Structure formats: structure tokens, C-alpha cells
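Fold and geometry: a report
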Amino acid sequence: MSAILYADEKILLWLNGLVGRVPLFDEFMSVIGDDSFIATCLALSIIALWFGARSLSQRKRNQRAVVATAFAVALTCLWILLMTDIFHRPRPSEVHTISLLGYLRTDPSFPSELAAVAFTFATAVWMSNRKAGIVIGCLAFLWCFGRVYCGIHYPLDIVAGALIGVVTAFLVSKLLHMISGIPNSIIRFFEWSHLGKL
Amino acid sequence: MMSFYICQILKATGRRNRLSGSRMRVGRIRDRALSKRSAVKSGRYSNERPQEYRDNIANLLLPEKRTRRAMKYELCIYLILIMVALVIVSVILWSLHPVSLATIEDAPLFWEYFRAYFLMAFLSSIGVLQIAVTRAGINGLSIFRCPLVNYIFGTLAIVGGFALFYATGDRTAEPLITIHEGGKWFFGERETIAAFVTGALIGLVSTILVSSLSKRAISINHQKPSPQGLDALKEMTFLQAIGRRFNSEH
């Protein structure tokens, strides 16, 4: 375990050591690693998925994916809330001397909630729409990389958060596939208001 | 005597002519007077309109006659949407009101950050909607007739929204909004979600209103059955789809 933690710190210090070499890249990564940019992109991608399919079958799959994503994200946030009460790992900037891009966070570092949410999005969408899932997965990976580069999280925090997100999204998607009444009733409501299609 | 009988015959003929000419009208009045259920039971009610009526409608290209109840529902929907539009305009004007630099240290920064994020969410959701509905062929929600213009408008709205947010302040800094009685108030996840959902919902309602106004001249084929869900918006605007549902129900 100590070897894993040692390797974890080494990777963080090596990656964060690149800060300051290319200021423009640092600016770019500080925006990418921020809380709001990629999160907003993910939320907008949900809107695009709901309305943007060309064929009826694809639209149905996309809308089911959106419903599954909503449930999976809620469950993921609950898991993270429980786990941060158990694990109290401090942030990298509290332990090491690093170049922090962004502001100092004071909540526990392990596991990374934003990584969990991002990979929840990616997995839930990938289950129904491979192409969109890959695009959202790339965004999620970029976000997580930015968080480590900026010195906000350890790599292990990101890996743990991603695992939680992937497993939760997979289970929720399978469950909703079996209990199709729940997503169907939600989509039927939107169909009644001419904003969805069952 | 003969003239009396001739008059009677003429009168009767005239009455019969009026009756034959208005047999449909009398029939419809009678059917409306009876309840639908008893009319169906008695077999006098027919769902099909007479052929002559269908031909007249098709030939004259006039909208179907609407019942008073359907018109009342439509009026209520228009009034609600106008009120929503007024709320949207007032929210947008409030969000664009500049915060005075002189009082920025005293004024709570929460609303300034909320406004900035709300504007970004509002503009970018409109942009994403336009691109998505144009790609899907949902003409009832697109603002412009030309797909290329929709794509350009959508892209500009997304880029403009993000540029407005990130250019009007250091958004990577700590979102410490105000120090209130020794405590700290952050613009955290809940506030971010609330701002995004508000902006996206208002963006959706704005898109519905503007597209319904800009495309109100779409002619609808009343002979075809109305499609359900989003498919209905490929042929008509959102307000027309809602109005047509009330027409068909009443």
C-alpha cells in the first residue's frame, strides 16, 4: 500500500513539475481543471443527446441514456459523500510544496468526486451511444488530467473516482434496462409535452 | 284554391330545398345536442365528417373550426407563455445590470457570479439546442429557416456564452462570495447546478417562444393524424402542436 502511495505522489510531483514551462498551456489547463468548464460541457452534451438524434431509434436510445445518466450521477454523488466521510486524505497542496493552479480546496481529496461524475456521464452514455460515449469519455479524461496537472488531486484519487463512476453507471444502466417502466414513464411525460419520444 | 295549394307546394318545396341544403347543418346540431355516448349507442353519431365538408376544408385551405373550449385553452397557454416571456426578459435585464465597482467589496458577489454563470448557461443551452434540433430536422424548434444560419447562430451563442463568463472575471479563483458574520459562503456545487438548470430551462422556454413566433406561418396538414412527441415538431411549432392536441381532444 505504501508503495502505491509513494508512486502516486511521485507521479503527481512529476506532472505538476511541468507547471511554469509553457504559461499558455498552464492557463489552458487551469481552465480545463476548473470546476465549471468541463462540467458545463457535460451538461450541455446531455441536452444535445436528448434532441439531436436523426433517427427515431437513436433518439429513443439517447433519451434512455440521459435518464440513466441522471440516476447514475445522483447515486455516484451519494457514494462519494459516504466515502469522503470514511477516507480523509488531505489535498496535495496541504502536504507537498507544489505549483497549485486554481484555489486551495479544503475538502478531502480521496476519492475525486468530479472524476466520478465525469466517468459516470461517459459510461452511462456509452452504454447506449458508443460515439457520444467516447467523446464524453475524452472530455472526462481531459478534465481528470487537468485536475492532476493543476495539483488539485492525486492520480489515485482520480482512478478511484473513475472506478466508482464506471461501476455505478454500469449497474444503473443495467437496472433501468430491466425495470424499463421507470425511464419509460419519464420519457412518456416528455412525449406528452412534445419534448420527447418514446 | 289552386293558388293556395300551389303556394303550399312551393312553400313545401322551398322548405325541402332549405332542408336539403342544410341537412348537414341540422344533423350536426342534433348530434351536438345529444351526448356523444348516447349518440354512439343509438348509432346516429358518426366520427366521419361528410365528404362535402372534408372537400370544402381541403379546397379552401382554411383551418378547422375550433371549439370554444379549445380556443380558451390556447388563450390560456398564450397568456402563460407571455408571462413567462416577461419573466425571462426581466431576468435577462437583471442579469445584465452591471455591478458597481465601487461597492464590489461590500456587495455580495454571489449574485454577480450567479448572473454570469446563468448567462453562460442560458446562451450556451440555446446554442446547443439550435444545433441539435437542426441536425435532427426538428423544424418547429429551430429559430431560422436556413439550417446553415441555425448552425452559425448556435456556434456563436455557445462561444459567446463561454467567452462572456470567462472574460468578465477570474473564474478559476476561489469562488468565495461573501463573508457573513465570520462565515464563508462559497458558490459551490448546489449553486452551480441551480444556476445551470435555471439558465437551461429559461433557454428552452425562450427557444420555444421565439421559434413559435418566427415559424407561425407553417401550414399544417389537418387531414393527417397528429404525430406524437418530438416528431410533431418536425411539421409544426410547439404552440401549434399543443393547440392541435386540444383541438383533437375537444
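We now turn to the structure provided with this report.

1. Re the packing of helix α2 (residues 23-32) of chain A against helix α7 (residues 130-149) of chain A
Residues and elements named next belong to chain A. One way to put it is that α2 packs onto α7 with a least axis distance of 8 Å and a crossing angle of 115 degrees. Between α2 and α7 lies a crossing of left-handed hand. Mapping the contact onto sequence places Phe25, Asp26, Met29 and Ile32 in α2 and Leu142, Trp143, Phe145, Gly146 and Tyr149 in α7. Taken together, the residues that form the contact of α2 with α7 break down as seven nonpolar, one polar and one charged.

2. Considering the environment of Ile38(A)
Residue and element names in this part refer to chain A. Along the chain, Ile38 turns up in helix α3 (residues 37-51). Sequence-wise, Ile38 and Gly137 are 99 residues apart; in three dimensions their C-alpha atoms are separated by 11 Å. Discounting chain neighbours no more than four positions away, the residues touching Ile38 are Ile32, Leu139 and Trp143.

3. Some thoughts on the interface of chain A and chain B
Across the contact, 30 residues belong to chain A and 37 residues belong to chain B. Of the roughly 2,800 Å² buried between chain A and chain B on both sides combined, carbon and sulfur atoms contribute 63%. Counting the surface chain A buries against chain B, the share from its top three residues, Leu44(A), Phe51(A) and His194(A), is 26%. For the pair chain A and chain B, the interface holds one salt bridge. In this structure, Arg59(A) and Asp231(B) form a salt bridge, with 3.0 Å as the shortest nitrogen-oxygen distance. Remark: the boundary between chain A and chain B carries six residue pairs in polar contact (both at pLDDT 80 or more). Looking at the side of chain A that touches chain B, the elements that each hand over two or more residues are α2, α3, α4 (56-86) and α9 (181-192) of chain A. Residues that form the side of chain A that touches chain B fall into these classes: 15 nonpolar, nine polar and six charged.

4. A few points about unusual backbone geometry
With omega at -15 degrees, the peptide bond leading from Phe110(A) into Pro111(A) counts as cis. Secondary-structure assignment places Pro111(A) in the loop between α5 (92-95) and α6 (113-128).

5. Comments concerning the pattern of salt bridges
Residues and elements named next belong to chain A. Across all of its chains, the model carries six salt bridges over all chains by this definition. As a salt-bridge pair, Asp35 and Arg147 come within 2.8 Å of each other at their nearest N and O atoms. Here Arg147 lies in helix α7 and Asp35 lies in the loop between α2 and α3, a separation of 112 residues in the sequence. Note on Asp35: relative accessible area 28%, which makes it partly exposed. The residue Asp107 makes a salt bridge to Arg91 at a minimum N-O spacing of 2.6 Å. You can see Asp107 sitting in the loop between α5 and α6 and its partner Arg91 sitting in the loop between α4 and α5, a full 16 residues away along the chain. Judged by its relative accessible area of 38%, Asp107 is partly exposed. Through salt bridges that share partners, Asp8, Arg89 and Asp157 make up one connected network.

6. Considerations on the nonpolar core
In this structure, Ile47(A), Phe51(A) and Phe196(B) are the most contacted members of the largest nonpolar core, which totals 75 residues. When residues in this core are grouped by element, the largest group, 15 residues, is from helix α6 (residues 110-136) of chain B. Not counting residues up to four positions away in its chain, the partners in contact with Phe51(A) are Leu195(A), Leu129(B), Ala132(B), Val133(B), Ala136(B), Ile138(B), Leu141(B), Leu204(B) and Leu230(B). Counting six residues, the second largest nonpolar core, distinct from the first, contains Ala124(A), Ala169(A), Val172(A) and Leu176(A).

Parameters and conventions
- Starting from 1, residues in each chain are numbered consecutively following that chain's sequence as written.
- Throughout, the order in which chains and ligands are written sets their labels, letters from A for the former and numbers from 1 for the latter.
- Owing to the predicted nature of the model, reporting of local features is limited to residues with pLDDT of at least 70; listing and counting of side-chain atom pairs is limited to 80 or more, with chain, interface and lining totals taken over all residues.
- Heavy atoms throughout the structure, all of them, feed into the side-chain values; hydrogens and water do not.
- Throughout, an axis means a line fitted to C-alpha atoms (over the contacting stretch in the case of helices), and angles, computed between N-to-C directions, take values from 0 to 180 degrees.
- A helix here means a DSSP run of H or I that spans at least four residues, while a strand means a run of E at least two residues long, and both kinds are numbered starting from the N terminus.
- Here is the rule for handedness: rotate from the far helix to the near one, and if that takes an anticlockwise turn smaller than a right angle the crossing is left-handed, while a clockwise turn gives right-handed.
- Contacts are assigned to residue pairs with any non-hydrogen atoms lying within 4.5 Å of each other.
- Only Asp, Glu, Lys and Arg are considered charged in this grouping, and only Ala, Val, Leu, Ile, Met, Phe, Trp, Tyr, Cys and Pro are considered nonpolar; every other residue, Gly among them, is considered polar.
- Here the quantity called buried area is the accessible surface, traced with a 1.4 Å probe, that two parts lose on coming together, added over both.
- Salt bridges, as used here, are contacts in which a Lys or Arg side-chain nitrogen is within 4 Å of a carboxyl oxygen on Asp or Glu.
- Throughout this description, a polar contact denotes any pair of N or O atoms lying within 3.5 Å of each other; where both atoms belong to protein, one of them has to be capable of donating a hydrogen while the other can accept it, and for residues adjacent in sequence the pair is counted only when both atoms sit in side chains.
- Three exposure classes are used, based on accessible area relative to the maximum for each residue type with a 1.4 Å probe and protein chains only: buried under 20%, partly exposed in between, and exposed over 50%.
- In this text, buried Ala, Val, Leu, Ile, Met, Phe, Trp, Tyr and Cys residues form a nonpolar core when linked through side-chain atoms within 4.5 Å.

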